[in-house]
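# Descriptive structure summary
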Amino acid sequence: MEEERALLCWLQMLQHIDVTFPVLLHSLKDDSDQVVILALNVLAEIGTTEHAKRTDNIHLQQLMTSLLEFFAKERGLLEERWIFVIRQLCILVDAELIFANIGQILEKESDLDFANQMAEALSTILLTAPELFGLRDKIKYLRTKESCELFCTLYRSFSHNPIAALSLCLLSQNYEHAKDLVMYYTNLDITLDLLTDIDRLVQLIESPVFAFLRLELLRSDQNRALVQTLYGLLMLLPQTEVFHLLRRRLACVPFHVSSGQLSKDVPRSEEREIANLSIDFEALFQHFHSVTEQHKKRREQNFESELLAKSMSAVNFRT
């Protein structure tokens, strides 16, 4: 009897998800991590009541949409809390499903500033969270059609943050495309935020997550594009400690590699080559270009609005 009653109460709650979600999401602002974890446990249970392993799970999509709307509204929350919440959901549900759903939502996000922040947070989680080792491994090798689809979904959403998109390409060993992105950075405003993001990426390259990339510098196959990518980042950086950190790393590259005198290529695995055929890098680059242009126009509009506000303020002061 008690089990039946609990089940009926649970089913009744599912009928009122629109009411339940806001209450649970509000709990995410609590100072206690335990309260937040308990709320996330309930949200995860609701989000995986059916088709738990499918990206078209309606409840999970609704959960992710509500969560991002909550983050966008509660800008006072620290980014660390965003990261904590998403990491917990990746443990409770499935990291691939969480990232795929958030990626699909961010791709259509109209609030460009929020999309930029969210892409940066997702990239940080992907590259640093120990529990996401399996997801990183899947993206690193791209051996299946599903992993390539996930890469494309993340790339389109990460395009809101140029360095997040670049980090994804480095993680997936798509060095030619990474080089193209860095060369395109000459069309972007080299802002303090962009340089700060490059600074963080260089430090991440020295972390265990990118140990494979550092070893790639010793290989003759495809690493000319990798070396050019890293040198491109070096040229963008001011001569800070991070600049010298990357310069010292590149100084370790064998002369025959850095000079372009490459030996016979070693092909990638056949599985990866076949899977990669499903990725239209030209279309992805066009999407990156389109998104960065939107951000550029938005910054120009913000700058013009600030100038107008200052001018009006000066006029009012004189009168």
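Details of the structure are given in the entry above.
Below: a short report on this structure. All figures in this text were calculated on a predicted structure; none of them were measured in a lab.

## Points about the overall build of the protein chain
On a plain count of helices and strands, the protein chain comes out with 18 helices and zero strands. By residue count, 44% of the 319 residues in the protein chain fall in the buried class. Carbon and sulfur atoms provide 55% of the accessible area of the protein chain, an area that totals close to 17000 Å².

## Comments concerning the layout of surface pockets
The computed volume of the largest pocket comes to approximately 570 Å³. Class assignment for the residues of the lining of the largest pocket results in three nonpolar, 10 polar and nine charged.

## Re the packing of aromatic side chains
Per the counting criterion, the structure on display carries eight aromatic pairs. Ring geometry for Trp82 against Phe114: centres 5.6 Å apart, planes inclined by 70°, an arrangement best described as edge-to-face. Linking Trp82 in helix H5 (residues 79-92) with Phe114 in helix H7 (residues 112-128), this pair joins segments that are 32 residues apart in sequence. In this structure Trp82 comes out as buried when scored by relative accessible area, which is 2%. Owing to a relative accessible area of 0%, Phe114 belongs among the buried residues under this scheme. In textbook terms, an aromatic cluster arises when at least three aromatic residues are bridged by ring pairs, as seen for Phe70, Phe71, Trp82 and Phe114. The side chain of Arg143 reaches across the aromatic face of Tyr141, ending 4.4 Å from its centre.

## Overview of the packing of H5 against H7
As a packed pair, H5 and H7 sit with axes 10 Å apart at the nearest point and diverge in direction by 55°. Relative to H7, the element H5 is oriented oblique. Classified by chirality, the crossing of H7 by H5 is right-handed. Side by side, H5 and H7 meet where Glu79, Trp82, Ile83, Ile86 and Arg87 of the first sit next to Phe114, Gln117, Met118, Glu120, Ala121, Leu122, Thr124 and Ile125 of the second. Residue composition of the contact of H5 with H7, grouped by class: eight nonpolar, two polar and three charged.

## Regarding the nonpolar core
Counting residues in each nonpolar core, the largest one holds 93 residues, and the members touching the most others are Phe71 and Leu170. Per-element tally for this core: the top contributor is H7, with nine residues. With residues near it in sequence (within four places) discarded, Leu170 still touches Tyr175, Ala178, Leu201, Ile205, Phe210, Phe212, Leu213, Leu226 and Thr229.

Parameters and conventions
Residues numbered from 1 in each chain as written. Predicted model: local features only at pLDDT ≥ 70, side-chain atom pairs only at ≥ 80, totals over all residues. Heavy atoms only, no water. Helix = DSSP H or I, 4+ residues; strand = E, 2+ residues; numbered from the N terminus. Buried < 20%, exposed > 50% of the residue type's maximum accessible area, 1.4 Å probe, protein only. Areas by Shrake-Rupley, 256 points an atom, 1.4 Å probe, with all protein chains shown as cover. 1 Å grid on protein atoms, 1.4 Å probe; cavity = no way out; pocket = protein on both sides within 12 Å on 5 of 7 lines; lining within 4 Å. Points joined across faces, edges and corners; volume = space filled by probe spheres on them. Nonpolar A, V, L, I, M, F, W, Y, C, P; charged D, E, K, R; others polar. Phe/Tyr/Trp six-rings, centres within 6.5 Å; stacked < 30°, edge-to-face > 60°. Lys NZ or Arg CZ within 6 Å of the ring centre and 35° of its normal. Axes fitted to C-alpha atoms, helices over the stretch in contact; angles between N-to-C directions. Parallel < 35°, antiparallel > 145°, perpendicular 65-115°, else oblique. Left-handed = near helix turned anticlockwise from the far one by under 90°. Contact = heavy atoms within 4.5 Å. Core = buried A, V, L, I, M, F, W, Y, C linked by side-chain atoms within 4.5 Å.

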